[in-house]
Amino acid sequence: MLAGIDTLHVGFCSPESGARMRVLRGWLSDVMALLPAERVVDLAGRQWKVQNGTEFASAVLAHGAIRVLVAREGLATSSGGVNADVTVELGSQACHQELGSWQGAWRYGKEIATELLERAPAFAKLSRVDPCVDVTDIDFARIDRDLWVTDLRASKRRGPDGVADDDWLVWYTGSHPNSFLWGARASGACARVYDKVLEIRQKSRKVWFGPMWAQNNEGVIPANVWRVEFELKRKKLKGEVWPDDLRGMGPHLTVDTVEGLERALPFLWRLYTEERLRLCEPRGANRSRWPLRADWLDVVVNVDWKGNAVPGGLWIPGRQREADLAKTLPQVIGQAIRAAALRRGAGLRDSLGGGLADLAEFYLAERGRDWLSEVRAKMAELGVEPADAVVSAVGVA
């Protein structure tokens, strides 16, 4: 099993909020007045796109899977119950692909806030953390729903494609359940169990997870991986009754420090998998006393959170680029075929550059298709009369 942090949101506040925030908002307002393509700024060693604000943010700075929200005048960015001048939102791709680990991401978030606020922030407060574990030996699609015992209450609103069923929402692929949600995000705590392989294939394209899983599975990429994930916001973290060994973490070691969160993670994981959401063995009429199933107990106790920076490395960006290309290549080929048809039969290498033409040729051949047939079919579809010249796979003969 692979453990990690899927999402991390941290709020920062300036020692002299008023004056500095007015200067910061004025600068961002000037940037927003530029053309969209020119709304780019340098910050903490990276280039950021400046985007329109939200209900609470005057502007949003985005770099890959990292977002920075700058509070509106008279308001503070509100995320997970934290009021702050600047909120840094870090997704798993930012943590693992760019910054090496979520611990490194936390520290980079502070570097961003320090540069924006022109001095070290007065405080950093964790506003949201999503601990997760990728499980390979349980097929949750086959689990009887009556075996789940939870005190997380679902929202009455249905998801766009989800089916509400008492305390949970279920999403399906055909008749195959692929995602489950317990609790409501607005309540501050919810749980998700979903088919991670399917999510990567259909949505995120983060194929670099495969080799990462293989490192923890005797070198073999598992075919079946489900993610167990909890979304915990600050109001829930503050409301927990911490055990004695964590209660006295002190002012310099709290859940608002990376070291404090590392110490708190094992407790939070056991709390939410032993009490908030449990997969049980039915024994008697009292569901609250049902024991945990052996395979779920493994999820509870056999998780190593100590320094759980997921090993990444330079191969991760390469893997992600491969995934991005696999996602966009069919669209590029489709547009090139249409353009070739409108040009009355342009050849493959007249329509695409050398390297891209090779990829397109391989892509079509792998699927039993070829450029010549595709262009002719598109010409017929568009009602384009063929040129006198013969269409070839290389160029117009």
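Residues numbered from 1 in each chain as written. Predicted model: local features only at pLDDT ≥ 70, side-chain atom pairs only at ≥ 80, totals over all residues. Heavy atoms only, no water.

## Describing the overall build of the protein chain
Our working rule: Put simply, DSSP H or I for four residues or longer makes a helix, DSSP E for two residues or longer makes a strand, and each gets a number counted from the N terminus. When a residue's accessible area, from a 1.4 Å probe over protein chains only, is under 20% of the maximum for its type it is buried; when over 50% it is exposed; and in between it is partly exposed. Note on contacts: a residue pair qualifies if any of its non-hydrogen atoms lie within 4.5 Å across the two residues. Here, Shrake-Rupley sampling with a 1.4 Å probe gives the accessible areas, and only protein chains in the shown set may cover a residue.
A tally of regular secondary structure across the protein chain gives 13 helices and 16 strands. Counting across all 397 residues of the protein chain, residues that qualify as buried make up 48%. Taking all contacts inside the protein chain whose residues are at least 6 apart in sequence as the whole, residues at least 24 apart take part in 63%. Total accessible area on the protein chain stands at roughly 19,800 Å², and carbon and sulfur atoms take up 50% of it.

## Details of a nonpolar patch on the surface
The criterion, for reference: Each patch is built from salt-bridge-free residues with over 30% relative accessible area, joining like charges within 9 Å and nonpolar side chains (Val, Leu, Ile, Met, Phe, Trp, Tyr) within 5 Å. Within this document, salt bridges are pairs made up of a side-chain nitrogen of Lys or Arg and a carboxyl oxygen of Asp or Glu, the two lying within 4 Å of each other.
Taken together, the side chains of Val332, Leu356 and Leu359 define a hydrophobic patch exposed on the protein surface, amounting to about 190 Å² of accessible area. Take Leu356: it is sitting in helix H12 (residues 354–366).

## Describing helix H3 (residues 102–117)
Using the following cut-off: Expected span, for any helix, means 1.5 Å times one less than how many residues it has.
In this model, H3 (16 residues) spans 22 Å end to end at C-alpha, consistent with the 22 Å of a helix rising 1.5 Å per residue. When H3 is considered as a whole, its buried residues turn out to be Trp102, Gln103, Ala105, Trp106, Tyr108, Gly109, Ile112, Ala113, Leu116 and Leu117. Looking at the residues trailing H3, positive phi occurs at Glu118, about 65 degrees.

## Structural notes on unusual backbone geometry
The phi torsion at Ala44 lies on the positive side, around 50 degrees, for a residue other than glycine. Looking at the secondary structure, you find Ala44 in the loop between strand S2 (40–43) and strand S3 (46–52). For Ala44, a relative accessible area of 7% translates into the label buried.

## Here's the deal with the confidence of the model for the protein chain
Using the following cut-off: Each residue carries a pLDDT score, the predictor's confidence in it, ranging from 0 to 100.
Per-residue confidence for the protein chain averages 78 on the pLDDT scale, and 78% of its residues sit at or above 70. Element-level mean pLDDT values for the protein chain span from 52 in strand S11 (residues 163–165) up to 92 in strand S16 (residues 277–279). The low-confidence segment residues 307–320 (pLDDT under 50) makes 38 contacts with residues lying over four places distant or belonging to another chain. With pLDDT under 50 throughout, residues 389–394 is counted as low confidence; its partners more than four residues away or in other chains account for 23 contacts.

## A short note on the pairing of strand S1 (residues 2–13)
Formally: Two strands qualify as a pair provided DSSP detects at least 2 bridges between them.
Taking burial as the measure, the 12 residues of S1 include 12 buried ones, the bulk of the element. Across 10 bridges, the pairing between S1 and strand S9 (residues 123–135) is antiparallel. If you follow Val10 over to S9, its bridge partner there is Leu126. When S1 meets strand S8 (residues 86–91), the two strands line up antiparallel, connected through 6 bridges.

## Describing the environment of Val375
Counting through the fold element by element, Val375 comes out in helix H13 (residues 371–382). For Val375, a relative accessible area of 0% puts it in the buried group. Sequence-distant contacts of Val375, defined by excluding residues within four places in its chain, comprise Ile337, Ala340, Ala341, Gly345 and Ala346.

## With respect to the packing of helix H8 (residues 258–276) against helix H9 (residues 294–301)
Convention followed: Note on geometry: axes are lines fitted to C-alpha atoms, helical ones only across the stretch in contact, with angles between N-to-C directions running from 0 to 180 degrees. Here roughly perpendicular refers to angles of 65 to 115 degrees, roughly parallel to angles under 35, roughly antiparallel to angles over 145, and oblique to all remaining angles. Put simply, Ala, Val, Leu, Ile, Met, Phe, Trp, Tyr, Cys and Pro go in the nonpolar bin, Asp, Glu, Lys and Arg in the charged bin, and everything else, Gly too, in the polar bin.
Running from N to C, H8 and H9 cross one another at 160 degrees; their axes reach a closest spacing of 9 Å. With respect to each other, H8 and H9 are oriented roughly antiparallel. For the pair H8 and H9, the contacting residues are Trp269, Arg270, Thr273 and Glu274 in the first and Trp296, Val299, Val300 and Val301 in the second. Here the residues of the contact of H8 with H9 sort into 5 nonpolar, 1 polar and 2 charged.

## Quick notes on the pattern of salt bridges
Under the definition given, this model contains 18 salt bridges. As a salt-bridge pair, Glu89 and Arg67 come within 3.2 Å of each other at their nearest N and O atoms. Of the two residues, Glu89 sits in strand S8 while Arg67 sits in strand S5 (residues 66–71), which places them 22 residues apart along the sequence. Glu89 sits in the buried class, given a relative accessible area of 13%. The class for Arg67 is partly exposed, based on a relative accessible area of 32%. Arg192 is the salt-bridge partner of Asp130, the closest N and O atoms lying 3.7 Å from each other.

## Structural notes on the nonpolar core
Selection criterion: By nonpolar core is meant a set of buried Ala, Val, Leu, Ile, Met, Phe, Trp, Tyr and Cys residues that side-chain atoms within 4.5 Å join together.
Core analysis: the biggest nonpolar cluster contains 70 residues, and Leu8, Trp48, Leu61, Ile112, Phe140, Trp148 and Leu261 have the highest contact counts within it. In terms of residue count, the dominant contributor to this core is H8 (9 residues). Setting aside anything within four residues of it in sequence, one finds Phe140 in contact with Val135, Trp148, Phe180, Val193, Trp226, Val228, Leu279 and Trp296.

## What about the packing of aromatic side chains?
Put simply, the rule is: Only Phe, Tyr and Trp rings are paired, with Trp represented by its six-membered ring, and only when their centres lie within 6.5 Å; those with planes under 30 degrees apart are stacked, over 60 edge-to-face, the remainder tilted. Cation placement over rings: the criterion is NZ of Lys or CZ of Arg within 6 Å of the ring centroid and within 35° of the ring normal.
Counted by the stated rule, this structure contains 9 aromatic pairs. Summarising the aromatic geometry, the rings of Trp148 and Trp296 are spaced 5.4 Å apart at their centres and angled 85 degrees between planes, so their arrangement reads as edge-to-face. Residue Trp148 is located in strand S10 (residues 148–150), and its partner Trp296 is located in helix H9; the two are separated by 148 residues in the primary sequence. Taking relative accessible area as the criterion, Trp148 reaches 4% and is therefore assigned buried. When its relative accessible area of 0% is taken as the criterion, Trp296 is described as buried. The cationic tip of Arg276 hangs over the ring face of Tyr272; the distance from NZ or CZ to the ring centre is 5.3 Å. Over the ring of Tyr363 we find Arg367, and its NZ or CZ is 3.6 Å from the ring centre.

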